[in-house]
Amino acid sequence: MKIKTVFSRLLQPLTIATRNMTHTSSTGSKNFLFRQLFDNTSCTYTYLLGDADNKECILIDPVVEHAKRDFQLVKDLNLNLIYAVNTHMHADHITGSGYLKSLAGCKSIISRNSGAQADIFVDEGDFIRFGDHKLKVFSTPGHTNGCCSFYCQEQEIVFTGDALLIRGCGRTDFQEGDAATLYHSVNDKIFTLPDSTIVYPAHDYHGIMATSVGEEKRLNPRLSKSLKEFVDIMNNLNLSYPKQIAQKVIPKPNTMLAIMILFVKRTFSAIIQEVAKWKNE
Ligand SMILES: N[C@@H](CCC(=O)N[C@@H](CSS)C(=O)NCC(=O)O)C(=O)O
């Protein structure tokens, strides 16, 4: 391989990273603000998108531990946070939506199919608008039922949540995961966007920040395969559970009540047994 080819390949991720910070596509308007933020613990990307003219902005997939950091950035850039948007209900971290609502007075958004609570529910074909800009909602289930991707045609970028990751995809072995559904979501929706579309996922575990539709169609080791091969790969991933999944799964109020009743009943029956023992002694 020629030295020049190696050099240009090494430079490729750098070019993408540079575009991340100053995002302006050939067709995109200049007043589009873009920042990519990261959570080290769950390797989650949060995205800040804004309109530099009218100052409206949104955050995609905020993480609760970074809500203050993200809101500070919003303030530093003199922006007005109007929505905290979630691509899906996350199993590996708690969303920052609730905290951001209290800090910024914004509204939370998630898919209607997610089963989660939010101020605004979105469905396939809806638009999320901020200033002059808009994101089109694509329903891309498979990792969870409520997974959505958000496409900004004007900037040629798509936020794929956990449906499509860089050279990977969301696992399908828990929540409402279904490999065949995920395969169709990616192939029939995300992969029908122009090859030049830049893909911004919800996670990366290898330090890469973005990819493109064309790149993933060609190089994704799971999704470039047939449906049958894909299902087989997904059924044999044998991934460990996300580190924070136990903290995320908080018992619902009914479960908490049932645990308390059980505790009281067990304590009472233990006391009664002890009393009965004393009486017999
Ligand atoms: N070992 C990691 C677990 C990472 C993980 O399971 N990530 C999910 C998305 S968050 S539910 C996933 O779908 N991964 C797909 C993959 O191929 O990695 C940790 O400890 O957090």
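See above for the structure.
Note that the structure is predicted; figures quoted are calculated from it, not measured.

Conventions adopted
Residues numbered from 1 in each chain as written. Predicted model: local features only at pLDDT ≥ 70, side-chain atom pairs only at ≥ 80, totals over all residues. Pairing = 2+ DSSP bridges. Helix = DSSP H or I, 4+ residues; strand = E, 2+ residues; numbered from the N terminus. Axes fitted to C-alpha atoms, helices over the stretch in contact; angles between N-to-C directions. Contact = placed C-beta atoms within 7 Å. Core = buried A, V, L, I, M, F, W, Y, C linked by C-beta atoms within 7 Å. Buried ≥ 20, exposed ≤ 12 C-beta atoms within 10 Å, placed from the backbone. Arc of directions from axis to C-beta.

Chemist: Explain the sheet that holds strand β5 (residues 107–111) here, please?
Modeler: Read across the open sheet, the six strands follow the order β1-β2-β3-β4-β5-β6; overall the sheet is mixed. In this open sheet, the two edge strands, each paired with only one partner strand, are β1 (32–39) and β6 (120–122). Strand-to-strand, the axes of this sheet are offset by a mean angle of 25°, without reference to chain direction. Relative to β6, β5 is paired through three bridges, and the arrangement is parallel. Residue pairing across strands places S111 opposite V122, the latter belonging to β6. Contacts from helix α2 (residues 67–76) reach β1, β2 (44–51), β3 (56–60) and β4 (80–85) within the one sheet, and its direction differs from that of β2 by about 20°. Strand contacts of helix α3 (residues 97–104): β3, β4 and β5, with the helix running at about 165° to β4, the strand carrying the most contacts.

Chemist: Help me understand the nonpolar core, please; the structure alone is not making it clear to me.
Modeler: The tendency in soluble globular proteins is for nonpolar side chains to be buried side by side. In this structure, C57, I58, L59, L81, L100, I128 and F150 are the most contacted members of the largest nonpolar core, which totals 57 residues. The element that contributes the greatest number of residues to this core is β4, accounting for five residues. Setting aside anything within four residues of it in sequence, one finds I128 in contact with I58, Y83, V85, I109, V122, K134, L135, V137 and F150.

Chemist: When you look at the environment of V122 in this model, what are you seeing that I'm missing?
Modeler: In this structure, V122 sits in strand β6. Residue class for V122 comes out buried when judged on the 23 C-beta atoms lying within 10 Å of it. Counting along the chain gives twelve residues from V122 to I110, while the straight-line C-alpha distance between them is 6.1 Å. Those residues in contact with V122 that sit more than four places away from it in its chain are I109, S111, R112, I128, V137 and C148.

Chemist: Honestly, helix α4 (residues 179–188) in this entry has me stumped. Any pointers?
Modeler: Every buried residue of α4 is listed here: A179, L182, Y183, S185 and V186. An end-on view of α4 places all buried positions within 165° of arc, on one side of the element. The elements touched by buried residues of α4 are β11 (164–165), β12 (168–169) and α6 (227–235).

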